[in-house]
Amino acid sequence: MINKLQKFFNQYLSEDVKEDIPLERRLQMANAALMVEMLHADEQVTTDEENKIRQLLKRRFHLDESEIESLIDLAHDEKHAATDYYAFTSLINTHYTQQQKIDLVEDLWRLAYSDDSLDKYEEHLVRRLAELLHVPHNDFIRTKHKAQQD
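Residues numbered from 1 in each chain as written. Predicted model: local features only at pLDDT ≥ 70, side-chain atom pairs only at ≥ 80, totals over all residues. Heavy atoms only, no water.

Draft legend 1. Summary view of the overall build of the protein chain. Scanning the protein chain from terminus to terminus reveals eight helices and zero strands. Along the protein chain, helices (α) and strands (β) appear in the sequence α-α-α-α-α-α-α-α when read from the amino end. Taking as baseline every contact in the protein chain between residues at least 6 positions apart, the subset at least 24 positions apart corresponds to 74%. When the accessible surface of the protein chain is summed, it comes to about 8000 Å², and 47% of that surface belongs to carbon and sulfur atoms. (Helix = DSSP H or I, 4+ residues; strand = E, 2+ residues; numbered from the N terminus. Contact = heavy atoms within 4.5 Å. Areas by Shrake-Rupley, 256 points an atom, 1.4 Å probe, with all protein chains shown as cover.)

Structural data, given as structure tokens:
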């Protein structure tokens, strides 16, 4: 059985869809997919978190309402499924500048803090993704403090 995240990857991010979906859009979808995973890191999704992810996706990636809702629905369906983040992070690493990756980590922190508490699983996921994105530890900490102050 193919899980929905793999189907999502194949539909939006794989090299097979290179001509069908522009690279910029595939990168936006990869970012959004990581943010959706962040939403479920602590297995408790609050209204504040759902509002924050919509705000971040809309502001940062200019996704339309149907794409945002599709990603959120995907996250709800797949919250217990194992995820291979490499497919998303490798695409981002190949095409993003260091600053763009740092900005993504900052958004992940904002999402983690959107319910006014930081769960150990949320912190672990941001740390893991920052490592996969090759974001230096000092930027990891700086973005954490910045997000706490927002």
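Draft legend 2. Here's a closer look at the packing of helix α6 (residues 98–113) against helix α8 (residues 137–149). Direction vectors running N to C along α6 and α8 enclose 45 degrees, while the axes themselves pass 8 Å from each other. Judged by the angle between their axes, α6 and α8 are oblique. Seen from above, α6 lies across α8 with right-handed handedness. In this structure, α6 contributes I102, V105, E106, W109, R110 and Y113 to the contact, and α8 contributes D139, F140, R142, T143, K144, K146, A147 and Q148. Its residues assigned to classes, the contact of α6 with α8 shows six nonpolar, two polar and six charged. (Axes fitted to C-alpha atoms, helices over the stretch in contact; angles between N-to-C directions. Parallel < 35°, antiparallel > 145°, perpendicular 65-115°, else oblique. Left-handed = near helix turned anticlockwise from the far one by under 90°. Nonpolar A, V, L, I, M, F, W, Y, C, P; charged D, E, K, R; others polar.)

Draft legend 3. Broad picture of the nonpolar core. Counting 40 residues, the largest nonpolar core has M35, M38, I53, L57, L63, I92 and W109 as the members making the most contacts within it. Residue assignment for this core shows that the elements contributing at least two residues are α2 (23–39), α3 (47–61), α4 (65–78), α5 (86–95), α6, α7 (120–132) and α8. In terms of residue count, α2 provides more of this core than any other element does, ten residues in total. Setting aside its immediate chain neighbours within four residues, I53 contacts M35, V36, L39, I72 and L111. (Core = buried A, V, L, I, M, F, W, Y, C linked by side-chain atoms within 4.5 Å. Buried < 20%, exposed > 50% of the residue type's maximum accessible area, 1.4 Å probe, protein only.)

Draft legend 4. Structural context of α6. The end-to-end C-alpha distance of α6 is 23 Å, a good match for the 22 Å that 16 residues give at a rise of 1.5 Å each. Listed in full, the buried residues belonging to α6 are K101, I102, L104, V105, E106, D107, L108, W109, R110, L111, A112 and Y113. For α6, the secondary structure elements touched by its buried residues are α2, α3, α5, α7 and α8. (Expected span 1.5 Å × (residues − 1).)

Draft legend 5. Quick look at the pattern of salt bridges. Going through the model one piece at a time under the given rule, you end up with twelve salt bridges. Across the salt bridge formed by R60 and D103, the nearest N and O atoms sit 3.8 Å from each other. Pair noted here: R60 is in helix α3 and D103 is in helix α6, with a separation of 43 residues, a long-range link. On the basis of relative accessible area, R60 is assigned to the partly exposed category, the value being 31%. One salt-bridge network, held together by shared partners, links R59, R60, D103, E106, D107, R110, K146 and D150. (Salt bridge = Lys/Arg side-chain N within 4 Å of Asp/Glu carboxyl O.)

Draft legend 6. Focus on the packing of α2 against α3. Contact geometry for α2 and α3: axes closest at 11 Å, N-to-C directions at 165 degrees. Classified by the angle their axes make, α2 and α3 are roughly antiparallel. For the pair α2 and α3, the sense of crossing is right-handed. The residues of α3 that touch α2, namely those facing R25, Q28, N31, A32, M35, V36 and L39, are E49, E50, I53, L56, L57 and F61. Looking at side-chain class alone, the contact of α2 with α3 contains eight nonpolar, two polar and three charged residues.

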